[in-house]
Amino acid sequence: MRLKTSLSKEPKHKELVSCVGWTTADELYSCSDDHQIMKWNLLTSETTPVAKLPDIYPIDFHWFPRSVGGKKQTHAENFVLTSSDVGEDGQIKIWSKSGMLRSTLVQQGTPVYSVAWSPDSGKVLYTSGKQLIIKPLQPNAKVLQWKAHDGVILKVDWNSVNDLILSAGEDCKYKVWDSYGRLLYSSQPHEYPITSVAWALDGELFAVGSFHTLRLCDKTGWSYALEKPNTGSIFNIAWSIDGTQIAGACGNGHVIFAHVVEQRWEWKNFEITLTKRRTMEVRNVINDAMDLLEFRDRVIKASLNYGHLVVSTSLQCYVFSTKNWNTPLIFDLKEGTVSLILQAERHFLLIDGGGIYIYSYDGRLISSPKFPGMRTDILNAQSVSLSNDTLVIRDKADEKVIYLFEALTGKPLGDGKPLTHKTEIVEIALDQKGLTNERKIAFIDKNRDLYITSVKRFGKEQKIIKIGTMVHTLAWNDAANILCGLQDTRFTVWYYPNTVYVDKDLLPKTLCEKDASEFSKNPQIVRFVGNQVTIRRADGSLIHLSVSPYPAILHEYISSSKWADAVRLCRFVKDQTMWACLAAMAVANKDMTTAEIAYAAIGEIDKVQYINSIKDLPSKESRMAHILMFSGNIQDAETLLLQAGLIYQAIQVNINLYNWNRALELAVKHKTHVDTVLAYRQKFLEDFGKKETNKQFLQYAEGLEVDWDKIKAKIEMEIAKERERAASTPPVRTSVTVQH
């Protein structure tokens, strides 16, 4: 990626230009110390004077937003302009649109050189010498303050999508911070003070201005491009609304324009480069075949995945198949600029200022999900995830909440309730393969813990299970439900994350871990395609890691119920991780014969014995119930037995687990085996030399004599009855749905 810069032959302003601002993607206004406001039309290359200011020196101006959260604004033609005497008094004031003073937020002894609103407009970030201060608008709320630079801070910007802060100072450095004041990136010192910084609206890029210097950077801080134009100091930078170009206010009277070009997208053997504003170059690295894609309007966003390239221009959307670059599918866009494109195997998602739209690859609008207070302008790839059947969105208003939708209808999933976590969620990702009712979501919270849960919500409290700590980036594989993440100094692959629902103790044996210290600080996983993981280091360089291809083959065998092939594969690979995955997969799919072989291969003898005991049970229902118990689904096991009329077996399950109260409750309710429960309870207490203190048990034990011979005869009769029933019932295929 680089910047293609342009300057007019002669400066249009006679003095230094202090500020610039876009009204549309092709129209810009500039203010200068020559007291002129100029209008720039980029389509006709015309510059016209708009107004002559009285004897004041403008330092900044800001257009009223055209839309906020998708809603059109009525004052969109207004702008506010400030002059050099504002801020020098160390005060920050809040004004109404009509110019009435609402409040004085800050009064300090040092000048305020730069301010920025927080994403929710509930706080203000401002400079105070070398300090940065975040002041909430609520009175008595805690103020956050920290030393950010070794020189006076000249400029700040706070992005509403990624919630990150930029700062620039006279110490010749620019820095990236999170909203808690933690340093994420600090540049090397430049030759001259950094006079301007600005985020692109979508929060993926930012620009930095200094003396004869314009730099384009990734949100994590590393530099894509450095230009050395003849501009003097660049005092102000503004991004166009569509994020494709930058304007800079120059010290020598010029306004510099720069287009972002040479963005690159990669998928399997294809490499695509945006060579000009309306032209893409496609290269197939296998045979070096080249294709040129021409567009009517400038390219704004693009995404390459699952055999399709989706490109949004200022007015249209193009969908190309990687099998045929000559005949794209084209449809007109509904509203404004596309800010995000996400792809799944069967469809893709577009987000613009007006809403969220899911389209099929043949251009048909499938659904348009909505939720209360939805603001599409602040969604990004970390807060939205799409699969073939599900769409999930983390709420910006309450970052503990994830909204779940059916992709094909746009309606809320299940009972319509969102998923709620105990702390704020940072990143979310859906697995991509398998059945809809087994769809899983993985997410990282503010404490950098990694959790997994099912997206199917059925009113009862769902299990959200922690599977990792200190995880700062994650990705699901495109072809199998394998998850990878960077954990502190380790790169970890969860070959079968579903293990946590089947046999939690087995999870560590299904992982692959590699040392990741070579990736330096804050690396990010870009993609996980096939058996290749692409990681971007903090300096911007890409690293390709290969993971074993065998777990993905194992997933494929299991999805086709090829259990014999799966066992053969594990015997061939001779790897404990593979056997552990197979054991969990077999239990999840109720194939206890394969489970027994796999558990034996990893030396889990106690589990092999338990599986053997399950096989000897008289009825299908009992066997199924014990498989559920094996996976820790006690409630489901009991429900299954009760539905099948196996009351004694349901009671015995609770006795074996020492759930005494539940065992007695069932016995009393069904008027059977009360003496059995009391007998086992008595024996349990005697073994530990304890006396009965439970009032319920004391009440039912009154006048009841425990006769073990009678109880044993009763139990034998129950088992015989179950055997007879199983023998007389024709074999019916029972399927059990385990709700996670």
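Everything quoted here is computed from the prediction, not taken from an experiment. (Residues numbered from 1 in each chain as written. Predicted model: local features only at pLDDT ≥ 70, side-chain atom pairs only at ≥ 80, totals over all residues. Heavy atoms only, no water.)

## Details of the sheet that holds strand E30 (residues 289-294)
Part 1 of the reasoning: Taken in spatial order, the four strands make up an open sheet running E27-E28-E29-E30, and their pairing is antiparallel. Of all strands in the sheet, those bounded by a partner on one side alone are strand E27 (264-267) and E30. Neighbour to neighbour, the strand axes of the sheet diverge by 20° on average, direction disregarded.
Part 2 of the reasoning: Judged from the six bridges that link them, strand E29 (residues 279-284) and E30 form a sheet pairing that is antiparallel. Its bridge partner being in E30, Asn284 is matched across the sheet by Ala289. (Pairing = 2+ DSSP bridges. Helix = DSSP H or I, 4+ residues; strand = E, 2+ residues; numbered from the N terminus. Axes fitted to C-alpha atoms, helices over the stretch in contact; angles between N-to-C directions.)

## Structural notes on the sheet that holds strand E46 (residues 465-468)
Part 1 of the reasoning: Read across the sheet, four strands follow the order E43-E44-E45-E46 without closing on themselves; strand pairing throughout is antiparallel. Every interior strand has two partners, whereas the edge strands, strand E43 (425-430) and E46, have only one. The sheet shows a mean angle of 30° between the axes of neighbouring strands, taken without regard to direction.
Part 2 of the reasoning: Note: E43 against strand E44 (residues 440-445), five bridges, orientation antiparallel. Considered in E44, the bridge of Leu430 is made with Ile441.

## Notes on helix H8 (residues 634-643)
Part 1 of the reasoning: The complete set of buried residues in H8 reads Asp636, Ala637, Glu638, Leu640 and Leu641.
Part 2 of the reasoning: Among the structural elements, helix H7 (620-630), helix H9 (647-656) and helix H10 (660-669) are those in contact with the buried residues of H8.
Part 3 of the reasoning: Where H8 terminates, the next one or two residues include Gly645, which has phi positive at roughly 80°. (Buried < 20%, exposed > 50% of the residue type's maximum accessible area, 1.4 Å probe, protein only. Contact = heavy atoms within 4.5 Å.)

## Quick notes on helix H2 (residues 550-559)
Part 1 of the reasoning: Inspection of H2 places Pro551, Leu554, His555 and Ile558 among the buried residues, and these make up the whole buried set. Here the buried residues of H2 occupy an arc of 100° about the axis, which is enough to place them on one side.
Part 2 of the reasoning: Buried residues along H2 sit in contact with helix H3 (563-573) and helix H4 (576-588).
Part 3 of the reasoning: Ser561 lies just past H2 and shows a positive phi near 55°. (Arc of directions from axis to C-beta.)

## Overview of a positive patch on the surface
Part 1 of the reasoning: Residues Lys4, Lys276, Arg277 and Arg278 make up a contiguous surface patch of positive charge.
Part 2 of the reasoning: Checked against the element boundaries, Lys4 lands in strand E1 (residues 2-6).
Part 3 of the reasoning: Lys4 sits in the partly exposed class, given a relative accessible area of 45%. (Patch = residues over 30% accessible without salt bridge, like charges linked within 9 Å, V, L, I, M, F, W, Y side chains within 5 Å. Areas by Shrake-Rupley, 256 points an atom, 1.4 Å probe, with all protein chains shown as cover. Salt bridge = Lys/Arg side-chain N within 4 Å of Asp/Glu carboxyl O. Lys, Arg positive; Asp, Glu negative; His and termini not counted. Charge placed at Lys NZ, Arg CZ, Asp CG, Glu CD.)

## Considerations on the pairing of strand E10 (residues 91-95)
Part 1 of the reasoning: Going residue by residue along E10, you find Ile92 and Ile94 tucked away on one face and Gln91, Lys93 and Trp95 left uncovered on the opposite face.
Part 2 of the reasoning: Two strands pair when backbone bridges link them, and E10 and strand E11 (residues 101-107) are joined in this way by five bridges, in the antiparallel orientation. Bridging from a neighbouring strand, Lys93 pairs with Thr104 of E11.
Part 3 of the reasoning: Counted between consecutive antiparallel strands, the loop separating E10 from E11 contains five residues, among which Gly99 sits at a positive phi close to 95°.

## Thoughts on the nonpolar core
Part 1 of the reasoning: Of all hydrophobic cores here, the largest spans 70 residues; its most connected members are Phe491, Val533, Leu554, Leu582 and Tyr599.
Part 2 of the reasoning: Sorting elements by how many residues they give to this core places H4 first, with ten residues.
Part 3 of the reasoning: When near neighbours in sequence (up to four residues on either side) are disregarded, Val533 contacts Cys484, Phe491, Ile525, Arg527, Phe528, Ile543, His544, Leu545 and Val547.
Part 4 of the reasoning: Listed in part, the 19 residues of the second largest apolar core include Leu342, Leu349, Leu386 and Ile393. (Core = buried A, V, L, I, M, F, W, Y, C linked by side-chain atoms within 4.5 Å.)

## Comments concerning the pairing of strand E41 (residues 401-406)
Part 1 of the reasoning: Taken across its six residues, E41 has five buried, putting it largely inside the fold.
Part 2 of the reasoning: Of the pairings in the sheet, the one linking strand E40 (residues 390-394) to E41 comprises five bridges and is antiparallel in character. From the neighbouring strand, Thr390 faces E41, where its bridge partner is Glu406.

## Quick notes on the domain arrangement of the chain
Part 1 of the reasoning: Annotation of the chain at the domain level lists domain 1 (2-64 + 77-258) and domain 2 (617-728).
Part 2 of the reasoning: Using only C-alpha atoms to locate each centre, domain 1 and domain 2 end up separated by 73 Å. (Domains from an automatic or database assignment.)

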